[in-house]
Amino acid sequence: MPEKMHSTEKAAFTLTDNRSGTSYDLDVLKGSTGPDVIDVRKLYADTGHFTYDPGFTSTGSCESDITFIDGEEGILRYRGYPIDQLAEHSHFLEVCYLLVYGELPNADDMEKFETRITYHTMLHEQINYFFRGFRRDSHPMAIMNGVIGALSAFYHDSTDIADPVHRFIASTRMIAKMPTIAATAYRYSLGMPFTYPRNDLNFSENLLYMMFSNPCEEYKVNKILARAMDRILILHADHEQNASTSTVRISGSSGANPFACIAAGIASLWGPAHGGANEAVLTMLEEIGSVDNIPDYIAKAKDKNDPFRLMGFGHRVYKNFDPRAKVMRQTAHEVLGDLNIKDDPMLDMAMELERIALEDDYFVEKKLYPNVDFYSGIIFKAMGIPTSMFTVLFAVARTVGWVAQWNEMIEDPTQKIGRPRQLYTGSLERNYLDVTKRK
Ligand code: SDX
């Protein structure tokens, strides 16, 4: 673990309790870039008060070297490399190496890493029977969640998180096996026979092959779609301390095994406010039905009494265009062009929705821009991927981010079990009343 990069400004803040006149000095920790943090670790001990920040909108949960986001400037960097450069010049497995090890690999290290991942893409044959316990119409996210959680029952040799060798093996297995699990869940839903990965295909080609190949004929991977998939995986690989990554970190902080932690991350990602948004965008576009109905739905999204939100818009951090959405928008047009899909009604509706929303005062003043999920569903649909598989593919990509963040947390000498406190507003002490005496 590289030496932590922060420096400390002692007593940079003074907190004064105006009721008693007591003042407390608080240090500021300065990172390499981005907002500094006020160190409140001793606040409760010194003041008897907790901080209060339910959505963690102003709270840093950890120190990390992995991903940097600037919401105002629309910046996203993996280990310092801008996301648009990685999307253009890199490939997903190289980005996996970068996120896990912190540096871009030389040719030799890349080849070794690629070989290691390739030779871990198969599942234990017994796991295939596990899939058969699900109904055929189960949501593939439910299947993925169950299977990943079950991996700890198959791989006892890599669950001792204190052992760096175990962590290395478990990390390799999770990155390598997610496409196989995703494709198997998809094929199970169709009643198609399961496919084994092929070692002559790259990560994204293999994913498409395992999903769409037919055992009765030769399957030729569409290289353009494989490249588009690879780019989408790069864009979704990591994103700082988002809800699912924070779930993985807090699960791991108790010492839970890595497969259980990733299963917890998958569960959190499934939510429509998070990774489930890409599926929710398509469902929303289908509900809107036509460009003519867009104004009514914009009005619903603005109505405080209406729970409807424009899925694919807004972000906790980006109060500017999500830099991933820009690349996704370009990819959407490329894929539809390559597939010779002219007037795709969904894309036409999405473009019109984007145009109207970006001009509407409500969205402008609340800085609600299209996020990464707005376009991914349109691309996946054009690639013939069913809506129910959209978040599954998001999870395939984000597994490397969860793995990198989980390893960073375990290796952080200052890490403790995550255990937030609360503001209690419940009943004061009262004595038990026998049922015969209750009203
Ligand atoms: C992802 O965290 C990450 O990094 C996540 C992610 C990643 O890579 O891990 O980037 C992936 O999850 C992208 C986000 C996908 N989710 C959606 O597209 C769902 C729709 N978006 C919203 O639910 C919402 O924008 C969130 C959840 C994304 C962000 O919510 P916040 O930061 O908690 O903001 P908020 O809900 O407090 O909204 C601020 C205001 C509110 O109005 P007021 O109460 O201030 O009057 O904006 C409104 C909201 O009502 N608002 C929306 C809106 N999003 C926010 N109004 C209509 N439509 C929307 N989409």
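These figures come from a predicted structure and were not determined experimentally. (Residues numbered from 1 in each chain as written. Predicted model: local features only at pLDDT ≥ 70, side-chain atom pairs only at ≥ 80, totals over all residues. Heavy atoms only, no water.)

Undergrad: Give a detailed account of the overall build of the chain, specifying residues and quantitative values.
TA: Summing up its helical and strand segments, the chain has 18 helices and six strands in all. For 439 residues, the compact-globule formula gives about 22 Å, and the C-alpha radius of gyration of the chain, at 24 Å, lands near that figure. A principal-axis box enclosing the C-alpha atoms of the chain has dimensions of 80 × 65 × 55 Å. Considering only contacts within the chain whose residues lie at least 6 apart along the sequence, 69% involve residues at least 24 apart. Just so you have it, the chain exposes about 22,300 Å², and 52% of that area is on carbon and sulfur atoms. Across the chain, the mean location of the 45 positive side-chain charges is 6 Å away from that of the 59 negative side-chain charges. (Helix = DSSP H or I, 4+ residues; strand = E, 2+ residues; numbered from the N terminus. Rg over C-alpha atoms; globule rule 2.2 N^0.38 Å. Contact = heavy atoms within 4.5 Å. Areas by Shrake-Rupley, 256 points an atom, 1.4 Å probe, with all protein chains shown as cover. Lys, Arg positive; Asp, Glu negative; His and termini not counted. Charge placed at Lys NZ, Arg CZ, Asp CG, Glu CD.)

Undergrad: How would you sum up the nonpolar core? Please name residues and give values.
TA: Within the largest apolar cluster, 121 residues are counted, with the highest numbers of intra-cluster contacts made by Tyr78, Met144, Leu310 and Leu353. By residue number, the principal contributor to this core is helix H18 (residues 390-411), which donates 14 residues. Once you skip the residues sitting within four places of it in the chain, leucine 353 turns out to touch Met284, Leu285, Ile288, Ile294, Ile298, Leu310, Phe313 and Phe374. (Core = buried A, V, L, I, M, F, W, Y, C linked by side-chain atoms within 4.5 Å. Buried < 20%, exposed > 50% of the residue type's maximum accessible area, 1.4 Å probe, protein only.)

Undergrad: Provide a residue-level description of the packing of helix H6 (residues 140-154) against helix H7 (residues 164-190), including the pertinent values.
TA: Remark: H6 packs on H7, axes separated minimally by 9 Å, with the N-to-C direction vectors making an angle of 135 degrees. Relative to H7, H6 is oriented oblique. Between H6 and H7 the crossing geometry is right-handed. Here Pro140, Ile143, Met144, Val147, Ile148 and Leu151 of H6 come into contact with H7, specifically with Met178, Ile181, Ala182, Ala185 and Tyr188. (Axes fitted to C-alpha atoms, helices over the stretch in contact; angles between N-to-C directions. Parallel < 35°, antiparallel > 145°, perpendicular 65-115°, else oblique. Left-handed = near helix turned anticlockwise from the far one by under 90°.)

Undergrad: Can you explain the packing of helix H8 (residues 203-212) against helix H9 (residues 223-235)? Please cite residues and give values.
TA: Contact geometry for H8 and H9: axes closest at 8 Å, N-to-C directions at 115 degrees. The angle between H8 and H9 falls in the class roughly perpendicular. H9 is crossed by H8, and the crossing has right-handed handedness. Facing H8, whose interface residues are Phe203, Ser204, Glu205, Leu207 and Leu208, H9 presents Lys223, Leu225, Ala226, Met229, Asp230 and Leu233. Residue composition of the contact of H8 with H9, grouped by class: seven nonpolar, one polar and three charged. (Nonpolar A, V, L, I, M, F, W, Y, C, P; charged D, E, K, R; others polar.)

Undergrad: Kindly report on the pattern of salt bridges, identifying the contributing residues and their values.
TA: Considering all chains together, one arrives at 20 salt bridges under this definition. A salt bridge links aspartate 200 to arginine 198, with the shortest nitrogen-to-oxygen separation between them at 2.6 Å. With a relative accessible area of 54%, aspartate 200 lands in the exposed category. For arginine 198, a relative accessible area of 27% translates into the label partly exposed. The closest approach of N and O atoms between arginine 249 and glutamate 408, which form a salt bridge, is 2.7 Å. Pair noted here: arginine 249 is in helix H10 (residues 243-252) and glutamate 408 is in helix H18, with a separation of 159 residues, a long-range link. Accessibility assignment for this pair places arginine 249 and glutamate 408 in one class, buried. A cluster of three or more residues bridged by salt bridges with shared partners is formed by Glu9, Lys30 and Asp36. (Salt bridge = Lys/Arg side-chain N within 4 Å of Asp/Glu carboxyl O.)

Undergrad: How would you summarise the site of the ligand if you had to cite specific residues and measurements?
TA: The environment of the ligand is made up of 24 residues, and the closest members are His239, Gly312, His315, Arg324 and Arg398. Separating a nitrogen atom of the ligand from a backbone N or O atom of alanine 273 is a distance of 2.9 Å. Take arginine 398: an N or O atom from its side chain is 2.7 Å from an oxygen atom of the ligand. Coverage of the ligand by the protein chains reaches 78% of its 1,100 Å² of free accessible surface. (Near = heavy atom within 4 Å. Polar contact = N/O pair within 3.5 Å; in protein donor to acceptor, adjacent residues only side chain to side chain.)

Undergrad: Outline the packing of aromatic side chains, supporting the account with residue identities and numerical values.
TA: Applying the stated criterion across every chain yields a total of 18 aromatic pairs. An aromatic cluster is defined as three or more aromatic residues linked by ring pairs; in this entry it consists of Phe313, Tyr362, Phe363, Phe374 and Tyr375. Taking the ring centre of tyrosine 209 as reference, the NZ or CZ of arginine 198 above it sits at 5.0 Å. (Phe/Tyr/Trp six-rings, centres within 6.5 Å; stacked < 30°, edge-to-face > 60°. Lys NZ or Arg CZ within 6 Å of the ring centre and 35° of its normal.)

Undergrad: Pulling in residues and values, what's your account of helix H4 (residues 107-118)?
TA: Under the 1.5 Å per step criterion, the end-to-end length of H4 is 16 Å for twelve residues, consistent within 8% with the ideal 16 Å. Of all the positions in H4, only Met110, Phe113, Ile117 and Thr118 are classed as buried. The buried side chains of H4 occupy one side of the element, clustering within an arc of 130 degrees when seen end-on. Counted as exposed and oriented over 90 degrees from the buried face of H4: Glu111 and Lys112. (Expected span 1.5 Å × (residues − 1). Arc of directions from axis to C-beta.)

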